[in-house]
Amino acid sequence: MPRPSRAFDTTTRLRPNDQSLDDQYGEPENFLEISVGMPVIRNDRSGRYADYEIECFTNIPLFKLKHSTVRRRYSDFEWLRDMLTKESERVNIPPLPGKVLFNRFDEAVLKSRHENLQRFLQIVAGHPLLQTGSKVLIPFIQDPSFNRKTYEM
């Protein structure tokens, strides 16, 4: 009759670290939550456009505000991507959703663009090199009076 393996006899059960409920369920050391809201259609002298609400919750010290809400147009996102590409040659900046020439205010088009802008912003805002090395990323996300001309290279 074969003998049972002794390996099981000598192993001990791993014990979980003793953690308080605050440690288990408390606020993480660093977190960043960014959401891009559904667009609002607006009219001004130059015509009709859509803008998107960007809401940010964070405790990362580089961000000046723990909670912020700003509004940005698609052209602002294009500008941000161009600036990040110039600033950060070591980081591959993801593409934006394409420009739409026809039916750009169609509900399905706006929903798709909204989802893709959110994905774009979550990727770039979550990148540690962009958080620390970009002069435009954090103001774009948090400053309601953000002006592109201030940051032109």
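Above this text you will find the structure in question.
Residues numbered from 1 in each chain as written. Predicted model: local features only at pLDDT ≥ 70, side-chain atom pairs only at ≥ 80, totals over all residues. Heavy atoms only, no water.

Asks: Any chance you could break down the overall build of the chain for me, citing the residues and the numbers?
Replies: Scanning the chain from terminus to terminus reveals 6 helices and 4 strands. Listed N to C, the secondary structure of the chain is α-α-β-β-β-β-α-α-α-α in terms of helices and strands. When each of the 153 residues of the chain is scored for burial, the buried share is 33%. A separation of at least 24 residues holds for 59% of the contacts in the chain among residues at least 6 apart in sequence. Taken as a whole, the chain presents about 11200 Å² of accessible surface, with 50% of it coming from carbon and sulfur. (Helix = DSSP H or I, 4+ residues; strand = E, 2+ residues; numbered from the N terminus. Buried < 20%, exposed > 50% of the residue type's maximum accessible area, 1.4 Å probe, protein only. Contact = heavy atoms within 4.5 Å. Areas by Shrake-Rupley, 256 points an atom, 1.4 Å probe, with all protein chains shown as cover.)

Asks: Break down the packing of helix 3 (residues 74-87) against helix 4 (residues 107-125) for me, citing the residues and quoting the values.
Replies: The packing of two helices is summarised by the inter-axis angle and the distance between the axes. At a minimum axis separation of 12 Å, helix 3 and helix 4 run at an interaxial angle of 30°. Taken together, helix 3 and helix 4 sit at an angle that is classed as roughly parallel. Considering how the two elements wind past one another, helix 3 and helix 4 form a crossing that is left-handed. Together, Tyr74, Phe77, Leu80, Arg81 and Leu84 of helix 3 and Arg113, Leu117, Phe120, Leu121 and Val124 of helix 4 make up the contact between the two elements. (Axes fitted to C-alpha atoms, helices over the stretch in contact; angles between N-to-C directions. Parallel < 35°, antiparallel > 145°, perpendicular 65-115°, else oblique. Left-handed = near helix turned anticlockwise from the far one by under 90°.)

Asks: Residue-level account of the nonpolar core, with values.
Replies: Membership of the largest hydrophobic core comes to 31 residues, with the highest contact counts inside it found for Ile54, Leu80, Leu121 and Ile141. Contributions of two or more residues to this core are made by strand 1 (32-36), strand 3 (47-58), helix 3, helix 4 and helix 6 (137-142). When near neighbours in sequence (up to four residues on either side) are disregarded, Leu121 contacts Ile34, Val36, Ile54, Phe77, Leu80, Phe140 and Ile141. (Core = buried A, V, L, I, M, F, W, Y, C linked by side-chain atoms within 4.5 Å.)

Asks: Could you give an account of the pattern of salt bridges, with specific residues and numbers?
Replies: Summed over all chains, the structure comprises 6 salt bridges. A salt bridge links Glu115 to Lys111, with the shortest nitrogen-to-oxygen separation between them at 2.6 Å. Taken together, the residues span about one helical turn, with Glu115 and Lys111 both in helix 4 at a distance of 4 residues. For Glu115, a relative accessible area of 34% translates into the label partly exposed. Several salt bridges converge on common partners, so that one network encompasses Arg42, Asp51, Glu53 and Arg71. (Salt bridge = Lys/Arg side-chain N within 4 Å of Asp/Glu carboxyl O.)

Asks: Would you mind going over unusual backbone geometry in detail, with residue names and values included?
Replies: A positive phi angle is found at Asn103, which is not glycine, with a value near 55°. Topologically, Asn103 is positioned in the loop between helix 3 and helix 4. By relative accessible area, Asn103 is classed as exposed at 59%.

Asks: Kindly report on the packing of aromatic side chains, identifying the contributing residues and their values.
Replies: Per the counting criterion, the structure on display carries 5 aromatic pairs. Pairing Phe77 with Phe140 gives two aromatic rings, centres 5.4 Å apart and planes at 75°, and the pair type is edge-to-face. Taken as a pair, Phe77 in helix 3 and Phe140 in helix 6 lie far apart in primary sequence, 63 residues in all. Classification of Phe77 by relative accessible area gives buried; the value is 0%. The class of Phe140 is buried, set by a relative accessible area of 0%. One aromatic cluster is present, formed by Tyr52, Phe77, Trp79, Phe140, Phe146 and Tyr151 through successive ring pairs. The ring of Phe105 carries the charged tip of Arg48 above its face, separated from the ring centre by 4.4 Å. Sitting above the plane of the Tyr74 ring, Arg113 keeps its charged end 3.7 Å from the centroid. (Phe/Tyr/Trp six-rings, centres within 6.5 Å; stacked < 30°, edge-to-face > 60°. Lys NZ or Arg CZ within 6 Å of the ring centre and 35° of its normal.)

Asks: Go over the environment of His114 with me, naming the residues and quoting the values.
Replies: With respect to the helices and strands, His114 occurs in helix 4. Residue classification places His114 among the buried positions, given a relative accessible area of 14%. Remark: the alpha-carbon pair of His114 and Ser35, spanning 79 residues in sequence, is separated by 9.7 Å. Sequence-distant contacts of His114, defined by excluding residues within four places in its chain, comprise Val36, Gly37, Met38, Pro39 and Tyr52.

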